[in-house]
Amino acid sequence: DVKVTQSSRYLVKRTGEKVFLECVQDMDHENMFWYRQDPGLGLRLIYFSYDVKMKEKGDIPEGYSVSREKKERFSLILESASTNQTSMYLCASSLTSNTEAFFGQGTRLTVV
Amino acid sequence: DQQVKQNSPSLSVQEGRISILNCDYTNSMFDYFLWYKKYPAEGPTFLISISSIKDKNEDGRFTVFLNKSAKHLSLHIVPSQPGDSAVYFCAARGYNYGQNFVFGPGTRLSVLP
């Protein structure tokens, strides 16, 4: 069974803190993605990676960075958290560009 | 400007009846379409997909129809069940658009017992 695991379900951080969101997949997938979900806006792509150490900006990369040192792990970093980064963050992976993406359970981040 | 649109934020259907969720897209380069279901506090779950070379794909109670000329797809759920109550996202990917998926804003389906 496919599995994408995000390290935290809920996080509360203070403005200005550096925040790390971790994601691990056990399916040997090439592609990994970070999305954020906000009401009325659907899922918006922050960054994606199609190989180890490779990364591409998505639609809303500002204020975020990513790291993919190993194939199974994709980390999202908020360099200096701000209140407008309060959101549901979703990690996903897909085997290839022609197959569906599998999602983790999501991390609800609140920045106060 | 949203490339994938779901113009109905919500939909209510009686149990046992058909649910029809609609999705429109603007980018003619999209060639692969997916539907996801999402429960609160959970990640989206893949439901069904369709390639642009087809106009219909069926999986149990779920059928997706694609009308390329109208840039429109729809998800039919027959019969609808209370457990189908969730937010449904339409997503698209284009061969020349990159390897990422573009999602619509979602439609909240409520199936009433």
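What you are looking at is a predicted structure, and each value in this text was computed from that prediction instead of being measured.

## Quick word on the layout of surface pockets
- As a volume, the largest pocket reaches approximately 370 Å³.
- Along the wall of the largest pocket there are 20 residues; nearest its centre are Gln-37 and Pro-39 of chain A together with Val-87, Phe-89 and Arg-108 of chain B.
- Every element with two or more residues in the lining of the largest pocket is listed here: strand 5 (31-38) of chain A together with strand 9 (86-94) and strand 11 (107-112) of chain B.
- Tallied by class, residues from the lining of the largest pocket come to nine nonpolar, seven polar and four charged.

## A word on the pattern of salt bridges
- For the coordinates displayed, the defined rule picks out nine salt bridges over all chains.
- Put simply, Lys-71 of chain A and Glu-30 of chain A hold a salt bridge, and the shortest N to O gap is 3.0 Å. Taken as a pair, Lys-71 of chain A in the loop between strand 8 (64-70) and strand 9 (73-78) and Glu-30 of chain A in the loop between strand 4 (23-25) and strand 5 lie far apart in primary sequence, 41 residues in all.
- The partly exposed category is assigned to Lys-71 of chain A, whose relative accessible area is 24%.
- Its relative accessible area of 31% is what places Glu-30 of chain A among the partly exposed residues.
- With its nearest N and O atoms 3.5 Å apart, the salt bridge here joins Arg-93 of chain B to Asp-31 of chain B. Taken as a pair, Arg-93 of chain B in strand 9 and Asp-31 of chain B in strand 4 (residues 30-38) lie far apart in primary sequence, 62 residues in all.

Analysis parameters
- Residues numbered from 1 in each chain as written.
- Chains lettered and ligands numbered in written order.
- Predicted model: local features only at pLDDT ≥ 70, side-chain atom pairs only at ≥ 80, totals over all residues.
- Heavy atoms only, no water.
- 1 Å grid on protein atoms, 1.4 Å probe; cavity = no way out; pocket = protein on both sides within 12 Å on 5 of 7 lines; lining within 4 Å.
- Points joined across faces, edges and corners; volume = space filled by probe spheres on them.
- Helix = DSSP H or I, 4+ residues; strand = E, 2+ residues; numbered from the N terminus.
- Nonpolar A, V, L, I, M, F, W, Y, C, P; charged D, E, K, R; others polar.
- Salt bridge = Lys/Arg side-chain N within 4 Å of Asp/Glu carboxyl O.
- Buried < 20%, exposed > 50% of the residue type's maximum accessible area, 1.4 Å probe, protein only.

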